[in-house]
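Fold and contact review
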Amino acid sequence: MTATEKPVSRYQSCNETLKDWLQSAPYTIALSSCYFGFFAHIGILSVLEDHQLLPAKLSGASAGALAGSMWASGNSSSTLSSLLFTLTRDSFWDPSPGLGLLKGERFRNTIIEMAACTTLEQCNVPIAVSTFDLFRRKTHVFTAGNLAECVYASCTVPFLFQPIRVANTLCFDGGIKDWSGSAGVGAEERLLRIALFNRNRSILNALPCAKAVDNSTCRTVTISNLIPVSPNSMHNGQAAFYQARAAMQIALHKN
């Protein structure tokens, strides 16, 4: 473990461990928004791979959409972590005049290079990607379409990345109205929510997802002190990955 501080995880349940619950029936995993939290989400998925507790479907917003789609496309967590650890600010930094600091072409090219397929419907595991429809001011979920464009749209942090049109919709960051990344989850699906909270953005602790109550069809794992990663601190990504891995290992055996 390379993280410098003890991970914090929380799992609410009654009679069975999270591992038991995951083994009992197919489930969907929802990966939350959290700026550059995709490093941590891949750490979570790596633990599920280790224990052969793979989700039947993924749903995500922003960082969760990026991590979930890269994994669903056919990459292992080992492959993805190797790719992510090589990322630098130059991998996506392309300032240009527009409705955001960065044009986004480098970011889309990076997504294309990392993904193992080109469309959402080609993914090995079904994936739902949340975006924010700027015209209708509500969440729009993509389950089909160009993977790089849909994922980029979901990660379009206002004022940082310039928005693009996807299916005639001008899209911004999916976390704007679907922070939990669960808008693409059906009411009948068993759901594991992964809620990431950057320790430098404690305001997110006021969000409803942070206080969600678990039941027989829904479980939540919260990591509340995630090591922050940003364009200027990409080197923290590896530490966030291992911090999330350790937290998920703990959560699996709690009830």
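Here's a quick rundown of the structure. Residue positions are given per chain, counting from 1 as you read along its sequence in written order. The predicted origin of the model limits local features to residues at a pLDDT of at least 70 and limits the giving and counting of side-chain atom pairs to 80 or more, whereas totals for whole chains, interfaces and linings rest on all residues. Values shown for side chains rest on all heavy atoms present in the structure; no hydrogens or waters enter the calculation.

On to the packing of helix 3 (residues 63-72) against helix 6 (residues 147-154), then. It is the contact of helix 3 with helix 6, at a shortest axis distance of 8 Å, that shows an interaxial angle of 155°. On the basis of their axis angle, the class for helix 3 and helix 6 is roughly antiparallel. Contact residues: helix 3 offers Ala65, Leu66, Ser69 and Met70, while helix 6 offers Leu147, Val151 and Ser154. The axes are straight lines fitted to the C-alpha atoms, using for helices just the contacting stretch, and the angles between their N-to-C directions are given from 0 to 180°. Helix and strand assignments follow DSSP, with helices taken as H or I runs no shorter than four residues and strands as E runs no shorter than two, numbered in order from the N terminus. Should an angle fall under 35 degrees it is called roughly parallel, over 145 degrees roughly antiparallel, and 65 to 115 degrees roughly perpendicular, with every other angle called oblique. Throughout, a residue-residue contact means that at least one pair of heavy atoms, one from each residue, lies within 4.5 Å.

We now examine unusual backbone geometry. For Ser62, which is not glycine, the phi dihedral falls at a positive 55°. Here Ser62 is to be found in the loop between strand 3 (57-61) and helix 3. Look at Ser62 and you get buried, because its relative accessible area is 3%. With phi around 55°, Arg137 is a residue other than glycine that occupies positive phi space. Counting through the fold element by element, Arg137 comes out in the loop between strand 5 (127-133) and strand 6 (138-142). For Arg137, a relative accessible area of 64% corresponds to the exposed category. The buried label goes to any residue with under 20% of its type's maximum accessible area, the exposed label to any with over 50%, and the partly exposed label to all in between, with areas taken from a 1.4 Å probe on protein chains only.

All right, on to the pairing of strand 2 (residues 28-31) then. Burial of the side chains of strand 2 extends over both faces: Thr28 and Ala30 are buried on one face and Ile29 and Leu31 on the other. Between any two strands, at least two bridges found by DSSP are needed for them to pair. Examined bridge by bridge, strand 2 and strand 3 share four bridges and lie parallel to one another. Within the sheet, the bridge partner assigned to Ile29 lies in strand 3 and is Leu58. Traced from strand 2 through helix 2 (residues 38-50) to strand 3, the parallel crossover comes out right-handed. Here strand 2 runs beside strand 10 (residues 191-198); their pairing, made up of four bridges, is parallel. Across the sheet, residue Leu31 finds its bridge partner in strand 10, namely Ile194. Crossover handedness is defined by viewing with both strands directed away from the observer: a clockwise path from the first strand over the helix to the second marks the crossover as right-handed.

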